[in-house]
Amino acid sequence: MNVIENRPWLIAELGKPLRVVSWALNRPGFRNADKIVWREVRNADLPEDFDVAGWFKAELAANGHDGSIGFLTSRDVTRFFQTAATVEDVTATVVATTGLSNAERVGLRGKPLRFGTINIAVALSEPMADAALLEALSIAVEARTLAVMDHGPDLSQGRATGTGTDCIAVAAPAGETIHAGKHTAIGHAVGAAVLNAVTKGVKDWMSEQTRGAGDA
């Protein structure tokens, strides 16, 4: 995965069109795409009742990214972390940005919507069926949660488990592999790479708060 910084954009090039599953604002669900892109915003840029999806779609098209999977975040996109893990013959490559101003604890809803968030792109070398992509996505979510619980902020209700606006995309060549759980090389590689990237991001964000820098 080739990463290009062009703030306010961060572009993860997949090298060729891959099968991608996500709940991203732009092109959610199962899609084919060769890029996953981030657009940095400030909370003030997206006021209440603003057509965020329409604005974002237009921004993507104007910058040549209309066929991409698209994330929004108020995190400084230059503060990304890229990691990789290879297990047996499977490689997982991860790019993640981590902001926790919108931190939440699962099962509760205690804060208003903001755009400090965790956004993760995972690219896998193993050709996979859609069912395996979904299972790999669940492993990425679990790894994200573990990183936040191990190193993230405490809320009034307990330790944060993520944010209210996290988004994850998992990409792989289309294929026949149907299992990607924690007992497989795919699950092992995804979990290790995501845990590493988000742990670095959480520690970076927490350090900024201690220094009084940043608000994403």
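First things first, this report covers the structure right here in the doc.

### Re the packing of aromatic side chains
- Using the criterion set out here, one finds three aromatic pairs in the structure.
- Judged by centre distance (6.3 Å) and plane angle (55°), the ring pair of Phe 50 and Trp 55 falls under tilted.
- Phe 50 gets classed as partly exposed once you look at its relative accessible area, which sits at 34%.
- Seen in terms of ring centroids, Trp 55 and Phe 56 are 6.4 Å apart; in terms of plane orientation they differ by 25°. Their pairing is stacked.
- The class of Trp 55 is partly exposed, set by a relative accessible area of 23%.
- Residue classification places Phe 56 among the buried residues on the basis of a relative accessible area of 1%.
- Just above the ring of Trp 9 sits the side chain of Arg 39; from NZ or CZ to the centre is 5.7 Å.

### Describing the environment of Leu 137
- Inspection of the secondary structure assignment puts Leu 137 in helix H2 (residues 130–151).
- In sequence terms Leu 137 and Gly 191 are 54 residues apart; their C-alpha atoms lie 9.7 Å from each other.

### Brief notes about helix H1 (residues 52–62)
- Within the sequence span of H1, burial applies to Val 52, Phe 56 and Leu 60. The arc that holds the buried residues of H1, viewed along the axis, is 65°, so those residues lie on one side. Exposed residues lying more than 90 degrees from the buried face of H1 are Lys 57 and Ala 62.
- Its buried side turned inward, H1 meets strand E2 (9–22), strand E3 (29–40) and strand E4 (69–73).
- Directly after H1, the chain includes Gly 64, whose backbone phi takes a positive value near 80°.

### A look at the side chain of Asp 204
- The topology assignment puts Asp 204 in helix H3 (residues 185–211).
- With relative accessibility at 15%, the residue Asp 204 sits in the buried group.
- Each residue touching Asp 204, except ones within four places of it in the same chain, is listed here: Arg 75, Arg 79 and Phe 81.

Reading the values: rules and limits
- Residues numbered from 1 in each chain as written.
- Predicted model: local features only at pLDDT ≥ 70, side-chain atom pairs only at ≥ 80, totals over all residues.
- Heavy atoms only, no water.
- Phe/Tyr/Trp six-rings, centres within 6.5 Å; stacked < 30°, edge-to-face > 60°.
- Buried < 20%, exposed > 50% of the residue type's maximum accessible area, 1.4 Å probe, protein only.
- Lys NZ or Arg CZ within 6 Å of the ring centre and 35° of its normal.
- Helix = DSSP H or I, 4+ residues; strand = E, 2+ residues; numbered from the N terminus.
- Arc of directions from axis to C-beta.
- Contact = heavy atoms within 4.5 Å.

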